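Close look at the chain arrangement
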Amino acid sequence: MPVFTYREAIRHALAEELERDANVVIMGEEVAQFNGAYKVTEGLLAKFGDKRVVDTPITEAGFIGAGIGASMLGVRPVMELMFWSFYSVAFDQILNNAANVRYMSGGQISCPIVIRGPANGGTNVGATHSHTPENVLANHPGVKVVVPSTAADAKGLLKSAIRDNDPVFFLENTLLYGEKGEVPEGEHIVPLGVADIKRTGKDLTIVTYGRSVLHSLKAAEILEKEHGASVEIVDLRTIRPLDIDTVLKSVAKTHRVLIVEEQKPFASVGTQLSYMIQREAFDELDAPIHRLATVDAPAIYSPPVEVEQLPNAQRVLKAALEVLA
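Fair warning: this is a prediction, and the values are worked out from it, not measured in the lab. (Residues numbered from 1 in each chain as written. Predicted model: local features only at pLDDT ≥ 70, side-chain atom pairs only at ≥ 80, totals over all residues. Heavy atoms only, no water.)

Some points on the pairing of strand E4 (residues 76-80)
Across the 5 residues that make up E4, a large majority, 5, are buried. Of the two faces of E4, the one holding Arg76, Val78 and Glu80 and the one holding Pro77 and Met79 are both buried throughout. Relative to strand E5 (residues 114-118), E4 runs parallel, the two sharing 3 bridges. Looking across to E5, one finds that Glu80 is bridged to Arg116. (Buried < 20%, exposed > 50% of the residue type's maximum accessible area, 1.4 Å probe, protein only. Helix = DSSP H or I, 4+ residues; strand = E, 2+ residues; numbered from the N terminus. Pairing = 2+ DSSP bridges.)

Put into structure tokens, the structure is as follows:
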């Protein structure tokens, strides 16, 4: 299989869907002439023209609102946020209108939009540019929330997201853009709402998603080599809809659970997961559910301190050993 970076995989997904469906358009700040703030859309303007790849004013409320309106008339906009932190500027458009239009119209009007861009800490850009809002987004019925960890998943999930008739919020990690991975040739689709077992094991289940998958895999290798522990890693891939069945099957096998996420701990995705696991699989647990999240403070600007604020392999290792004790 060919090897692509995470960034290239997303770009290929966008190009293939622009080619496949004339209703797909890309909108956002600097996505066209500047090739995107993170160069994800590089080359797409030259190939598809300025009617399909559209530079917008620097106003998230404006261009997100315009995209939502266009989607109700049959366009399928893929809108890039330079940082997902800026979703709050368009909160009304995204979560009051887009999330509810199908319900409020009695199923007569769909809103087939994708909003994508980086949502993560670790790049030392401060507290106002480092949010991970998947929990806030997933709290709203009517939307889908995707957080891919690999190049192959990024491509396959984005293609599914673009074809979906509901609003899909696609959260990428800036630090993953350069990560390389094999991507299947040809038409590669990953369905929304299906988790993936990234590593099989029998002693501990780590449930995670996004860049935390990479940290968890590194920790799992150390656990096996130095402690003889066999760790299974469940990559959620999609936060909503959530594939709880795959999680529960893994818990029934290992009987111990660690949830790893780059969220603040209060009212996070891990909070919901913990409830669902204990509600459905309490008798399978041989130890309390453990959670590892970002330290509960605004994103710290200092590079060495922010590394320790976020999940990392050593923090995952330490938490895993506590569960296994």
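On we go.
Here we look at the sheet that holds strand E11 (residues 231-235)
Strand-to-strand pairing in sheets goes through backbone hydrogen bonds, with the strands running parallel or antiparallel. Strand order in the open sheet formed by 5 strands is E9-E11-E10-E13-E14, with mixed pairing between adjacent strands. Looking at strand neighbours, the two that pair on one side only are strand E9 (196-199) and strand E14 (290-292), the edges of this open sheet. This sheet shows a mean twist of 25 degrees between the axes of neighbouring strands, independent of strand direction. As paired elements, strand E10 (residues 204-208) and E11 share 5 bridges and run parallel to each other. (Axes fitted to C-alpha atoms, helices over the stretch in contact; angles between N-to-C directions.)

Considering the packing of helix H8 (residues 212-227) against helix H12 (residues 313-324)
A packed helix pair is summarised by two numbers, namely the angle formed by the two axes and the spacing between the axes. Between H8 and H12, the shortest axis-to-axis distance is 8 Å and the interhelical angle comes to 55 degrees. Taken together, the axes of H8 and H12 are oblique relative to one another. For the pair H8 and H12, the crossing hand works out as right-handed. Contact residues: His215, Ser216, Lys218, Ala219, Ile222, Leu223 and His227 in H8; Ala313, Gln314, Val316, Leu317, Ala320, Leu321 and Leu324 in H12. When its residues are assigned to classes, the contact of H8 with H12 shows 9 nonpolar, 4 polar and 1 charged. (Parallel < 35°, antiparallel > 145°, perpendicular 65-115°, else oblique. Left-handed = near helix turned anticlockwise from the far one by under 90°. Contact = heavy atoms within 4.5 Å. Nonpolar A, V, L, I, M, F, W, Y, C, P; charged D, E, K, R; others polar.)

Focus on helix H7 (residues 151-163)
Its 13 residues give H7 an end-to-end C-alpha distance of 19 Å, which sits within 8% of 18 Å, the value for a rise of 1.5 Å per residue. Of all 13 residues that make up H7, 12 are buried, and the element is covered over most of its length. Taken together, the buried positions of H7 are Ala151, Ala152, Asp153, Ala154, Lys155, Gly156, Leu157, Leu158, Lys159, Ser160, Ala161 and Ile162. (Expected span 1.5 Å × (residues − 1).)

Regarding H12
Helix length check: H12, at 12 residues, gives a terminal C-alpha distance of 16 Å against a target of 16 Å (1.5 Å per residue), a fit within 8%. Where H12 is concerned, the buried positions are Ala313, Arg315, Val316, Leu317, Ala319, Ala320 and Val323. Here the buried face of H12 lies against E10, H8, strand E13 (257-260), E14 and helix H11 (303-309).

Describing unusual backbone geometry
A cis geometry characterises the amide bond from Arg240 onward to Pro241, with omega recorded as 0 degrees. One can find Pro241 in the loop between strand E12 (238-240) and helix H9 (244-254). In the Ramachandran plot, Asn124 falls in the positive-phi region, its phi being about 60 degrees despite a non-glycine side chain. With respect to the secondary-structure elements, Asn124 resides in the loop between E5 and helix H6 (134-138).

Looking at the domain arrangement of the chain
Entries for the chain in the domain assignment read domain 1 (3-182) and domain 2 (196-324). Distance between the C-alpha centres of domain 1 and domain 2: 26 Å. Of the roughly 2100 Å² buried at the junction of domain 1 and domain 2 (both faces included), carbon and sulfur atoms supply 53%. At the junction of domain 1 and domain 2, the tally comes to 2 salt bridges. As a salt-bridge pair, Lys198 and Asp153 come within 2.8 Å of each other at their nearest N and O atoms. Inspection of the region where domain 1 meets domain 2 yields 15 residue pairs in polar contact (both at pLDDT 80 or more). Every element with two or more residues in the side of domain 1 that touches domain 2 is listed here: H6, strand E6 (144-146) and H7. In the side of domain 1 that touches domain 2, the residues fall into 13 nonpolar, 14 polar and 4 charged. (Domains from an automatic or database assignment. Buried area = accessible area lost by both parts, 1.4 Å probe. Salt bridge = Lys/Arg side-chain N within 4 Å of Asp/Glu carboxyl O. Polar contact = N/O pair within 3.5 Å; in protein donor to acceptor, adjacent residues only side chain to side chain.)

Considering the sheet that holds E4
The mixed open sheet is built from 7 strands, whose spatial order is E3-E2-E4-E5-E7-E6-E12. A single partner strand is all that each edge strand has here, and the edge strands are strand E3 (53-55) and E12. For this sheet, the mean inter-axis angle between neighbouring strands, taken without regard to orientation, is 20 degrees.

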